[in-house]
Amino acid sequence: MGVWSIGAGALGAAAVALLLANTDLFLAKPQEASLEYLESIDLKTLGKEPRTFKAKELWEKNGAVIMAVRRPGCFLCREEATDLSSLKPKLDELGVPLYAVVKEHVRTEVKDFQPYFKGEIFLDEKKKFYGPEKRKMMFMGFVRLGVWYNFFRARNGGFSGNLDGEGFILGGVFVVGSGKQGILLEHREKEFGDKVNPVSVLEAARKIKPQTLAPQEN
């Protein structure tokens, strides 16, 4: 009886742990970013002659949709990038650019990501777009039913990837208005494969008011 009791107790503890892992109780709560925080972020171009610039250049005139990519080689990230890229024709009509930032430039990972993402990609070396407080999902992600659902959804969609690069710091998607209009949408990935709703992105993008040039005095 003692062995059976220990076994039953272990199974019960495992069941409780699995149940708790599938709630949001132990997930790190995201801290909302302010416009001032985003404006001050240093980004770097990925060409042969890299240029460092302040992130506010991305949205100053026409606003922007920006994806903070968790890992370019991740098939879940490639799936979300494809969803966002499907909005590009409508974003182009609105005059709103589509961008992505990555937190590292590993071998050909960014180049291999570009077929899935139809906008420019920049490097955020200090990982500021993943903050103000960076959140990580470690191996708990692999016992979450939502993550497994996301895995199967992306696989069934024909997406594949690799394990190169850092993939535990969670990413997100921002829609930022022009000038000082502010952050119109901030989606923070809560678990691997937690995609933003493309409809919400487009609705937010439609609220952007492009900056107009002040008329010149004669």
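Remember, it's a predicted structure, so these values are computed and weren't measured experimentally. (Residues numbered from 1 in each chain as written. Predicted model: local features only at pLDDT ≥ 70, side-chain atom pairs only at ≥ 80, totals over all residues. Heavy atoms only, no water.)

Caption draft 1: Structural detail: the nonpolar core. Counting 36 residues, the largest nonpolar core has Val-65, Met-67, Leu-84, Leu-91, Phe-117 and Val-201 as its most contacted members. When contributions to this core are tallied by element, the ones reaching two or more residues are strand E3 (64–68), helix H3 (75–85), strand E4 (98–102), helix H5 (109–113), strand E5 (120–123), helix H6 (145–156), strand E6 (172–176) and helix H7 (198–205). Looking at this core, the element that brings in the most residues is H3, giving five residues. If near-sequence neighbours (up to four positions away) are discounted, Phe-117 is found in contact with Met-67, Ala-81, Ser-85, Leu-98, Tyr-99 and Ala-100. (Core = buried A, V, L, I, M, F, W, Y, C linked by side-chain atoms within 4.5 Å. Buried < 20%, exposed > 50% of the residue type's maximum accessible area, 1.4 Å probe, protein only. Helix = DSSP H or I, 4+ residues; strand = E, 2+ residues; numbered from the N terminus. Contact = heavy atoms within 4.5 Å.)

Caption draft 2: Just H3, in detail. Burial of H3 is extensive: nine of the eleven residues sit out of reach of the surface. Turning to H3, its buried residues number three or more, namely Phe-75, Leu-76, Cys-77, Arg-78, Glu-79, Glu-80, Ala-81, Leu-84 and Ser-85.

Caption draft 3: Highlighting a nonpolar patch on the surface. A contiguous nonpolar patch, built from Met-138, Phe-139, Phe-142, Trp-148 and Phe-152 and spanning about 540 Å² of accessible area, is present on the exposed surface. With respect to the helices and strands, the residue Phe-152 is situated in helix H6. For Phe-152, a relative accessible area of 52% corresponds to the exposed category. (Patch = residues over 30% accessible without salt bridge, like charges linked within 9 Å, V, L, I, M, F, W, Y side chains within 5 Å. Areas by Shrake-Rupley, 256 points an atom, 1.4 Å probe, with all protein chains shown as cover. Salt bridge = Lys/Arg side-chain N within 4 Å of Asp/Glu carboxyl O.)

Caption draft 4: Quick look at the environment of Arg-78. Take Arg-78: it is sitting in helix H3. Between the alpha carbons of Arg-78 and Gly-161 there is a distance of 8.0 Å; along the sequence they are 83 residues apart. There is a polar contact of 3.0 Å between the side chain of Arg-78 and the backbone oxygen of Ser-160. (Polar contact = N/O pair within 3.5 Å; in protein donor to acceptor, adjacent residues only side chain to side chain.)

Caption draft 5: Quick look at the confidence of the model for the protein. Of all residues in the protein, 84% have pLDDT values of 70 or greater, and the mean over the chain is 89. Predicted confidence for residues 11–18 stays below pLDDT 50, and this span has one contact to residues more than four positions away or in other chains. (pLDDT = per-residue confidence, 0-100.)

Caption draft 6: Region of interest: the packing of aromatic side chains. Tallying each qualifying case throughout the model produces ten aromatic pairs. Ring centres of Trp-148 and Phe-152 lie 6.3 Å apart, and the angle between their planes is 40°; this geometry places the pair in the tilted category. Here the residue Trp-148 and the residue Phe-152 both occupy positions in helix H6, the gap between them amounting to four residues, near one helical turn. An aromatic cluster is present here, built from Phe-75, Phe-142, Trp-148, Phe-151, Phe-152 and Phe-192 joined pairwise through their rings. Over the aromatic face of Tyr-130 sits the side chain of Lys-103, whose NZ or CZ is 5.3 Å from the ring centroid. One Lys or Arg, Arg-155, reaches over the ring of Phe-75 and ends 4.0 Å from the middle of that ring. (Phe/Tyr/Trp six-rings, centres within 6.5 Å; stacked < 30°, edge-to-face > 60°. Lys NZ or Arg CZ within 6 Å of the ring centre and 35° of its normal.)

Caption draft 7: Spatial organisation of the pattern of salt bridges. Inspection of every chain in the model, using the stated rule, returns 13 salt bridges. Here Asp-83 ties to Lys-195 by a salt bridge, and the two come within 2.6 Å at their closest N and O atoms. In this pair, Asp-83 is assigned in helix H3 and Lys-195 in the loop between strand E7 (183–188) and H7, connecting sequence segments 112 residues apart. Classification of Asp-83 by relative accessible area gives partly exposed; the value is 22%. Overall, the relative accessible area of 23% leaves Lys-195 in the partly exposed class. A salt bridge links Arg-144 to Glu-191, with the nearest nitrogen and oxygen atoms 2.5 Å apart. One end of the pair, Arg-144, is in the loop between E5 and H6; the other, Glu-191, is in the loop between E7 and H7, with 47 residues separating them in the sequence.

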